[in-house]
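Residues per chain, in single letters:
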Amino acid sequence: MELTVKHKKRRCAQLRNNFVGDEMKFLQMAQISTTSSRVNSQEESWKLWTESDTFHYRNLGNETDRLALLEFKSKIGSDPHDVFSSWNDSVNFCQWRGISCGRKHHRATSLDLYRLSLSGTISPSIGNLTFLRFLNLRKNRFLGEIPQEVGRLSRLRHLNLMDNRLEGEIPLNITYCSELRILILARNSFMGKILDELSSLKKLVMLRLYRNNFTGQIPHSFGNFSYLKHLSIGENNLAGNIPDKLGQLISLNFFSVEVNNLTGTIPTTLYNISSIITFSVSANQLNGSLPWNIGLTLPNLQYFTFGSNQFHGTIPVSLHNASQLETIDFSTNMFTGQVPNNLGRLKDLQELTLEINFLGTI
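Quick caveat, the model's predicted, so the values are computed rather than measured.

Here we come to the pattern of salt bridges. Under the definition given, this model contains 10 salt bridges. A salt bridge links arginine 66 to aspartate 89, with the shortest nitrogen-to-oxygen separation between them at 2.9 Å. Placement of arginine 66 in helix α2 (residues 36-74) and of aspartate 89 in the loop between β1 (76-78) and β2 (99-101) is noted, with a sequence separation of 23 residues between them. By relative accessible area, which is 61% here, aspartate 89 ends up exposed. The shortest N-O distance in the salt bridge between lysine 139 and aspartate 163 comes to 3.8 Å. You can see lysine 139 sitting in the loop between β5 (134-136) and β6 (141-143) and its partner aspartate 163 sitting in the loop between β7 (158-160) and β8 (167-168), a full 24 residues away along the chain. According to the relative accessible area criterion, aspartate 163 is buried, its value standing at 13%. Ionic contacts of the salt-bridge type, sharing partners, join the residues Arg138, Lys139, Asp163 and Arg187 into one network.

So, in structure tokens, the structure goes:
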């Protein structure tokens with residue numbers, strides 16, 4: 001198909017050159033003046049020719065999408081909701097369930113098959129949907145690995161494969177999806193190290209990789225995400241320290257690394273990211289103490305969980321300045337001293353867990 005398209009493109013270019021050349025020779029031999037009517041006629045002929053050429057290539061692109069989608073369909077083993085009954089030649093593929101197309105080129109821009117109990121594998125043909133911007137296969141039962149061909153989706157902005165049965169490593173080619181804003185691979189069975197190269201996705205706003213089987217360390221390069229707001233990599237098998245460079249994520253509002261094997265202290269720069277709303281590091285082997293001014297530097301905190309670690313020292317009195325707090329969990333640590341009375345002033349507080357520490361009375 002690709003060689004055929006290239007050949008046709010070369011042939012069309014030759015035809016264009018021949019068309020212009022023949023018109024010039026005709027005018028010279030006839031020695032006629034170019035009247036306005038002749039010019040208009042020539043312009044109309046050229047317009048019709050080029051429009052038909054554009055239409056021809058648009059159809060080629062449409063056919064590529066149609067065939068890619070049919071190949072995707074062929075890899076589906078179970079379709080209990082009869083989703084793919086509409087995927088046939090009786091209607092244009094832009095009208096198939098789960099498909100949206102752009103108005104200009106009529107190419108598939110969105111494939112949304114959320115929560116349809118589908119099972120099967122993700123066909124490599126997905127990489128031929130090169131105009132795709134939105135791909136959502138969440139809450140199905142897809143098996144196997146993410147095909148390397150996904151890296152051909154250079155326009156893709158949103159990729160959600162959460163809640164499936166996918167496995168293997170994150171394909172390196174995914175880093176070619178340079179327009180990605182949202183990458184969600186949570187609640188699968190992915191394994192291996194989290195790619196350092198993911199940091200090349202400069203426009204990423206949300207990265208959710210939690211509840212998989214990732215190993216190794218949190219990449220230091222993640223500190224290079226300029227726009228990242230949501231980082232969720234909990235419930236894996238990650239080890240080592242929380243990189244200091246994560247303190248550079250100045251737009252962060254959701255930070256979760258809970259239920260891993262992380263050690264060391266939390267970088268002090270993380271405590272200075274005032275936009276953080278959720279800060280969850282529970283169930284690791286982290287240690288250290290909380291900054292005395294934490295309620296002042298993290299004024300937007302709502303969900304603050306540090307349980308099941310090795311933190312020590314006192315609970316800062318300034319914590320009540322984070323007036324939107326709803327959940328505080330400091331359980332199973334080594335905190336000492338008195339529990340600040342002013343925590344009772346947190347009007348939105350719904351859960352306060354302090355058990356298994358060395359605290360005094362409230």
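So, next bit.
Inspection of the entire model under this criterion finds 1 disulfide. In this model cysteine 94 forms its disulfide with cysteine 101; the gap between the sulfur atoms is 2.1 Å. In this structure the cystine formed by cysteine 94 and cysteine 101 twists about its S-S bond by roughly -95 degrees; its chirality is therefore left-handed. Under the relative-accessibility criterion, cysteine 94 is labelled partly exposed at 22%.

Read from one edge of the open sheet, 12 strands run β2-β3-β5-β7-β9-β11-β13-β15-β17-β19-β21-β23, paired in mixed fashion. The sheet terminates laterally at β2 and β23 (351-353), the two strands that pair on one side only. Averaged over all pairs of adjacent strands, the angle between their axes in this sheet comes to 10 degrees, without regard to strand direction.

A few words now on the environment of phenylalanine 222. Topologically, phenylalanine 222 is positioned in the loop between β12 (213-215) and β13 (230-232). Look at phenylalanine 222 and you get buried, because its relative accessible area is 0%. Separated by 27 residues in the primary sequence, phenylalanine 222 and leucine 249 have C-alpha atoms spaced 8.4 Å apart. Not counting the four nearest positions on each side in its chain, phenylalanine 222 is found in contact with Ile194, Leu195, Leu198, Leu207, Leu231, Leu246 and Leu249.

Attention now goes to the sheet that holds strand β16 (residues 261-265). Across the sheet, which stays open at both edges, the 6 strands sit in the order β14-β16-β18-β20-β22-β24 with parallel pairing between neighbours. The open sheet has two free edges, formed respectively by β14 (239-240) and β24 (358-359), since each of these has just one partner strand. Pairing analysis gives 2 bridges linking strand β18 (residues 285-288) to strand β20 (residues 310-313), with the strands arranged parallel. Note on β20: the bridge partner recorded for asparagine 287 is glutamine 310.

Glancing now at the nonpolar core. In this structure, Phe72 and Phe279 are the most contacted members of the largest nonpolar core, which totals 84 residues. Elements that contribute at least two residues to this core include exactly α2 and β3 (108-112). The element that contributes the greatest number of residues to this core is α2, accounting for 3 residues.

We now examine unusual backbone geometry. Non-glycine residue aspartate 163 carries a positive phi angle of around 60 degrees. Even without a glycine there, the phi angle at alanine 283 is positive, about 60 degrees. Inspection of the secondary structure assignment puts alanine 283 in the loop between β17 (278-280) and β18.

With that settled, consider the confidence of the model for the chain. Here the chain averages 87 in pLDDT, while 83% of its residues score no lower than 70. Contacts of residues 1-58 to residues separated by more than four positions or lying in other chains number 21 contacts, the stretch itself having pLDDT below 50.

What follows concerns the side chain of threonine 175. Inspection of the secondary structure puts threonine 175 in the loop between β8 and β9 (182-184). Residues in contact with threonine 175, not counting those within four places in the same chain, are Glu197, Leu198, Ser200 and Leu201.

As enumerated under the stated definition, the model contains 16 aromatic pairs in all. When the ring of phenylalanine 84 is compared with that of tryptophan 87, the centres are 4.6 Å apart and the planes differ by 80 degrees; the resulting orientation is edge-to-face. For the pair shown, phenylalanine 84 and tryptophan 87 are each scored as buried. Relative to phenylalanine 214, the ring of phenylalanine 190 lies with its centre 6.4 Å away and its plane at 10 degrees, an arrangement referred to as stacked. Of this pair, phenylalanine 190 sits in strand β10 (residues 189-193) while phenylalanine 214 sits in strand β12, and the two are 24 residues apart along the sequence.

Checked against the element boundaries, valine 205 lands in the loop between β10 and β11 (206-208). Each C-alpha atom, one on valine 205 and one on leucine 183, is 8.4 Å from the other, the two residues being 22 residues apart in sequence. When neighbours within four sequence positions are excluded, valine 205 is seen to be in contact with Arg181, Tyr227, Leu228, Lys229 and His230.

Parameters and conventions
Residues numbered from 1 in each chain as written. Predicted model: local features only at pLDDT ≥ 70, side-chain atom pairs only at ≥ 80, totals over all residues. Heavy atoms only, no water. Salt bridge = Lys/Arg side-chain N within 4 Å of Asp/Glu carboxyl O. Helix = DSSP H or I, 4+ residues; strand = E, 2+ residues; numbered from the N terminus. Buried < 20%, exposed > 50% of the residue type's maximum accessible area, 1.4 Å probe, protein only. Disulfide = S-S within 2.5 Å. Pairing = 2+ DSSP bridges. Axes fitted to C-alpha atoms, helices over the stretch in contact; angles between N-to-C directions. Contact = heavy atoms within 4.5 Å. Core = buried A, V, L, I, M, F, W, Y, C linked by side-chain atoms within 4.5 Å. pLDDT = per-residue confidence, 0-100. Phe/Tyr/Trp six-rings, centres within 6.5 Å; stacked < 30°, edge-to-face > 60°.

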